[in-house]
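So the chains spell out like this:
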Amino acid sequence: MHHIISVTVENKFGVLSRIAGLFAGRGYNIGSLAVGPTEKEDISTIVLTVSGDDKIIEQVIKQLNRLIDVIKVVDLTEKEIVKRELLLIKISAEHTTKRSELFQICEVFKSKIVGITNKNVIIELSGAPAKIDAFINIMRPYGILEVSRTGLIALAR
Amino acid sequence: MTKLTGAQILIKVLKQEGVELVFGYPGGVLIPIYDALYDADIRHILPRHEQGGAHAADGYARATGKVGVCIGTSGPGATNLVTGIATAYMDSVPLVAITGQVQTSLIGGDAFQEVDITGITRPITKHNYLVKDVNDLQRILKEAFHIARTGRPGPVLVDIPKDVSVAVGIYNSKLSDNIEIRGYKPNYKGHIGQIKKAVELINKAKQPIIYAGGGVKISGATKELYELAKTINAPVALTLMALGSFPPDDKLYLGMLGMHGTYYANMSINHSDLIIAIGARFDDRVTGKLEEFAPNAQIIHIDIDPAAISKNVKVDIPIVGDVKTVLTDMLNYVKEKEHKEWLKQIDVWKKQQPLTYNQTESGPLKPQYIIEEIYNLTKGEAIIATEVGQHQMWTAQYYKFTNPRHFISSGGLGTMGFGLPASMGAQLGCPDKRVICIAGDGSLQMNIQELATIREHNIPVIIALLNNSYLGMVRQWQELFFKKRYMATDLVKNPNFTKIANAYDIKALKITKKSEVVPAIKEALKNKEPYLLDFIINREENVFPMVPAGAAVSNMILGGEN
Ligand SMILES: Cc1ncc(C[n+]2csc(CCOP(=O)(O)OP(=O)(O)O)c2C)c(N)n1
Ligand SMILES: [Mg+2]
């Protein structure tokens, strides 16, 4: 099962490598990982998604807690949470005929056109990962040139 | 608040932390630190290889319970420490490793003798630091000692760039010893609710067994372990790391369990209905094939490291806490038990398959006999450090340890080359004890250069070399599981070890016959000086019983006469 784990860490160099190294060294699979500052200057939050059975997830959490620079680990999976991910996607727009169709879809998804040239369109979308996945799928026929996703971030209610 | 150089701050903190002895090897970036050591009243021991220094600091820590300190220069000096750090990490030994680093402005540029030692040691340290500002140095060093010795102990590395040791920074002589690290709060006190639940299981159990590991030694809980076992009349099996934690002559004692454990320890754990695991971690060398390990047993697991619990086996009652603290609480609730039937069954197993060997008057020397004589002549009071291999297992089986800090051996990593330098460190930490290094001929050659250190400081360790001219443990596997195809294990071209010792100005004797064994050991014990005893043993002697790797512990090869 997919778990969403929020890790509060010291904002020090090398912390990310400790966490990434822990996963690599013990053979856990990171689905996504998002790092960012918090309201406190010396603390960062890392939200990561991991898949594995209960035993693996239990070990992941315990091993994270063992790191000295990790202040708190919370498994958000079973909690009521708000999940968001940010997507930037570049679509080929050489067939100008299709542009209006594209714009309509964007409207349905409440996404934003954030860049436009003769050759391509860059669209921004935020939402839960399922929505992002669905949007990417719908965009496929139009010719996806590039995709950039932030990875999941989440907060418990 | 005083202003001191980084190097001086290092010395100040070492003194404050009670460090009396460091094992270090100098180099370019370390010269400022060595210059400060020149004036310090801290004893400095120069090993002849940084690995030796790390193992010596480790042996010192294991024997004394204090934090061991080793120092290496940037680049190769630091990488030479790596095996020693990993060895300490696997056995939860408190160690502070100081490395020199190239100056901060050069870091990342592949400078001469630059390695990313914090990156390299990240998975084998409890924590590590790269000091970038001299004003952080005092706090970082204090944290390093605090982290190394508290909770589940372990090695901490502090990487100090050259400019940081030269720079002048603030030293606060009033800095509190109460270190607060918000991400590090080891839990000592066990949850009382969990302890009561455990006691319920203990009171109900018909065939309980105590499986105790190195945590008992680290926590200093041998007395509590004894009281628990006696109150509930449960047999006690120890891991390699715990040997000496329970009186070896007690009728509840089962000896070591696991791959080369006793028949009766393995039979008992496999037939038990309750395992009380104390400061142990269900290592694969103990459990054998997990699916068939103790099929009918419920498990209580006491450990200070939450991550050690339910890592390998599913635990019914986890108790996170310091072993001594938890056992003390537990003793308030447990009831007296007899377990007559169970202990009778165990007695039958003990009688069926005791540890045996046969030393004839004129036949080849048996290593087991030598170890028993060492035991007799030291009255079981020596500190024994071992290398890794068959000789290590025979020592575990035949030397009856009564103090867990008297057996010093690399269990988790199984590092050949550990024993000789570790014995050196143990002897320096415990000058009033006799220290004997029981070595194999393969392992001894991995850090044999430390004979020079031993000579220089007249460290009176006795090296009892069980010389089979084989990488015996690997040869044993090749014999039993690979049709005797002895690939790369024959060491017949070994050097003359007595001559090597003599070349270092260390006395040595070669022993080939039974009648020579006792006189030789006596001779070595006579004076407090280093000595090497080269015992030429039966070459193809095997360690039995043996649970083949990956097999169930009930599938022991018992061996018999060989
Ligand atoms: C550094 C290292 N390399 C390889 C091994 C694998 N190994 C384990 S025991 C052993 C043989 C040890 O030979 P020796 O020291 O002569 O001891 P014996 O088994 O003969 O008593 C080897 C090669 C190891 N444990 N450590
Ligand atoms: Mg050998």
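The rules behind the values
Residues numbered from 1 in each chain as written. Chains lettered and ligands numbered in written order. Predicted model: local features only at pLDDT ≥ 70, side-chain atom pairs only at ≥ 80, totals over all residues. Heavy atoms only, no water. Contact = heavy atoms within 4.5 Å. Buried area = accessible area lost by both parts, 1.4 Å probe. Salt bridge = Lys/Arg side-chain N within 4 Å of Asp/Glu carboxyl O. Polar contact = N/O pair within 3.5 Å; in protein donor to acceptor, adjacent residues only side chain to side chain. Nonpolar A, V, L, I, M, F, W, Y, C, P; charged D, E, K, R; others polar. Patch = residues over 30% accessible without salt bridge, like charges linked within 9 Å, V, L, I, M, F, W, Y side chains within 5 Å. Areas by Shrake-Rupley, 256 points an atom, 1.4 Å probe, with all protein chains shown as cover. Helix = DSSP H or I, 4+ residues; strand = E, 2+ residues; numbered from the N terminus. Domains from an automatic or database assignment. Donors = N, O, S within 2.8 Å, 3.2 Å for Na, K, Ca; no water. Buried < 20%, exposed > 50% of the residue type's maximum accessible area, 1.4 Å probe, protein only.

Listed as interface residues are 20 residues of chain A and, on the opposing side, 20 residues of chain B. When chain A packs against chain B, the two sides together hide about 1700 Å² of surface, and 47% of this comes from carbon and sulfur. If you sort the residues of chain A by the area they bury against chain B, Arg 18, Arg 66 and Ile 68 of chain A come out on top, with a joint share of 39%. Linking chain A to chain B there are three salt bridges. At the junction of chain A and chain B, the tally comes to eight residue pairs in polar contact (both at pLDDT 80 or more). Looking at the side of chain A that touches chain B, its residues break down into seven nonpolar, five polar and eight charged.

Together, Phe 103, Ile 113 and Ile 116 of chain A make up a nonpolar patch on the protein surface, roughly 240 Å² of accessible area in all. Note that Ile 113 of chain A resides in strand β6 (residues 112-116).

In this section: the domain arrangement of chain A. Residues and elements named next belong to chain A. Taken domain by domain, chain A consists of domain 1 (2-75) and domain 2 (82-156). Computed over C-alpha atoms, the centres of domain 1 and domain 2 are 28 Å apart. Listed per partner, the contact involves six residues of domain 1 and six residues of domain 2. Both faces considered, domain 1 and domain 2 share a buried interface measuring about 420 Å² in area, 72% of it formed by carbon and sulfur atoms. Among the residues domain 1 hides against domain 2, the three largest losses belong to Ile 4, Ala 34 and Val 47. Together they make up 70% of the total. Remark: the boundary between domain 1 and domain 2 carries zero salt bridges. Counting the contacts that link domain 1 with domain 2 gives zero residue pairs in polar contact (both at pLDDT 80 or more). Element by element, the count of residues in the side of domain 1 that touches domain 2 is highest for strand β2 (residues 29-37), at three residues. Looking at side-chain class alone, the side of domain 1 that touches domain 2 contains four nonpolar, two polar and no charged residues.

A few words now on the coordination of the magnesium ion (ligand 2). Tetrahedral coordination by four donors sets the ideal angle at the metal to 109.5 degrees; octahedral coordination by six donors sets it to 90 or 180 degrees. Residues and elements named next belong to chain B. Donor atoms from the polypeptide that bind the magnesium ion (ligand 2) are Asp 441 (OD), Asn 468 (OD1) and Tyr 470 (O), placed at 2.1 Å. Donor residues for the magnesium ion (ligand 2), ordered by position in the chain, follow D-x26-N-x1-Y. Residue Asp 441 is located in helix α18 (residues 441-444), and its partner Asn 468 is located in the loop between β18 (462-467) and α20 (472-481); the two are separated by 27 residues in the primary sequence. What makes Asp 441 buried here is its relative accessible area of 1%.

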